[in-house]
Amino acid sequence: MRRAALLTAVAVLATACGSGDTSTVIGRAENGKLTIGIRYDQPGLSQKRLDGRYVGFDVDVARYVANELGVKESGITFKEARGAVRESMLENHEADLIVATYSITDARKQKVDFAGPYFETGQGILVRFTEQSIQGPETLNDRKLCSVKGSTSAQKVKSDHAQGVRLVEYGQYSDCVIALMAGNVDAVTTDEVILAGFAAENPELLKLVGKPFSKERYGIGLPKGDTKSRDAVNKAIEKMVSSGEWKRALERNVGPSGYEIPQPPQITEKS
């Protein structure tokens, strides 16, 4: 009986040790499940299809990182992470990771931690195919410019390039694009790689104009202070790059839009 009790105690202890520290992302991953916030409306980057499938470069990054943390695709729960709620999703434990074209900024780093970056791009402008007068951010005075709530893109145009621009906000990029095609706004601004996906879906109606005029570094968002998990996610990103899967995922998802595949960025968000 004493031996049986000892074996039971050892088994319980082993189970407890194996369950990990559930206050960390890597601890929760030991249970084989993670909740990851992604966008649902960005062609080539992150979309929820009508058949319920999730596709895009960010989705592939999320799956690769989760797998490196020990979580198979069947253990991932994807949640929509719109621009205005990404920090709160991590703060309120609604998501373990955010992989949602999430630009690393000093303001956001006050609330969450980032791993990466895993991709770099620049801000661009999308207009109707017939538009001739808009050629860059400085030509947007007295025009209606759309971006999403919680994004800094449109405000950056107003403060740095065209103080007379009229800003319009919608909940999703797809809403901005619909408004653009309907003539309700004159241009849409956000990261060029996002806009390239919409232009590729509607090549006879939409086009990109001008050159990128900012530098955006996409990171993977984690709860503030979870440095061990950030280190593990950084290792996963580095492995995705070195294995060639990072480039293959971009070519598969973003390449068809004609967007030039860049070199992978250096990891900067470290302890």
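Residues numbered from 1 in each chain as written. Predicted model: local features only at pLDDT ≥ 70, side-chain atom pairs only at ≥ 80, totals over all residues. Heavy atoms only, no water.

### Quick notes on the overall build of the protein
1) Next: When its secondary structure is counted, the protein shows ten helices and 13 strands.
2) Next: By principal-axis analysis of the C-alpha atoms, the protein measures approximately 85 × 35 × 35 Å.
3) Next: Classification of the 271 residues of the protein by burial places 49% in the buried group.
4) Next: Carbon and sulfur atoms make up 50% of the accessible area of the protein, which totals about 13100 Å².
5) Next: The averaged location of the 35 negative side-chain charges in the protein is 4 Å from the averaged location of its 36 positive side-chain charges. (Helix = DSSP H or I, 4+ residues; strand = E, 2+ residues; numbered from the N terminus. Buried < 20%, exposed > 50% of the residue type's maximum accessible area, 1.4 Å probe, protein only. Areas by Shrake-Rupley, 256 points an atom, 1.4 Å probe, with all protein chains shown as cover. Lys, Arg positive; Asp, Glu negative; His and termini not counted. Charge placed at Lys NZ, Arg CZ, Asp CG, Glu CD.)

### Topic: the state of the cysteines
1) Next: A full pass over the atoms with the stated rule returns one disulfide.
2) Next: Each sulfur in the disulfide pair Cys146 and Cys176 lies 2.1 Å from the other. Taking the torsion about the sulfur-sulfur bond, which here is approximately -70 degrees, the covalent link between Cys146 and Cys176 counts as left-handed. You can see Cys146 sitting in strand β9 (residues 144–148) and its partner Cys176 sitting in helix α7 (residues 173–182), a full 30 residues away along the chain. For the pair Cys146 and Cys176, one class covers both residues: buried. (Disulfide = S-S within 2.5 Å.)

### Focus on the environment of Tyr218
1) Next: Here Tyr218 shows up in strand β13 (residues 216–223).
2) Next: Given a relative accessible area of 1%, Tyr218 falls into the buried group.
3) Next: Taking C-alpha positions, Tyr218 is 6.0 Å from Ile104, a pair spaced 114 residues apart along the chain.
4) Next: Beyond its immediate chain neighbours, meaning those up to four positions away, Tyr218 contacts Thr101, Tyr102, Ser103, Ile104, Pro117, Tyr118, Phe119, Thr121, Asp191, Val193 and Ile194. (Contact = heavy atoms within 4.5 Å.)

### Concerning the sheet that holds strand β12 (residues 206–209)
1) Next: Pairing is mixed in the open sheet, where five strands are placed in the order β10-β9-β11-β8-β12. Looking at which strands have only one partner, the edges of the open sheet turn out to be β10 (166–170) and β12. The mean inter-strand angle of the sheet, taken between neighbouring strand axes irrespective of direction, is 35 degrees.
2) Next: Direction of pairing for strand β8 (residues 123–128) relative to strand β11 (residues 187–191): antiparallel, over a ladder of four bridges. Bridge pairing links Gln123 to Asp191 in β11. (Pairing = 2+ DSSP bridges. Axes fitted to C-alpha atoms, helices over the stretch in contact; angles between N-to-C directions.)

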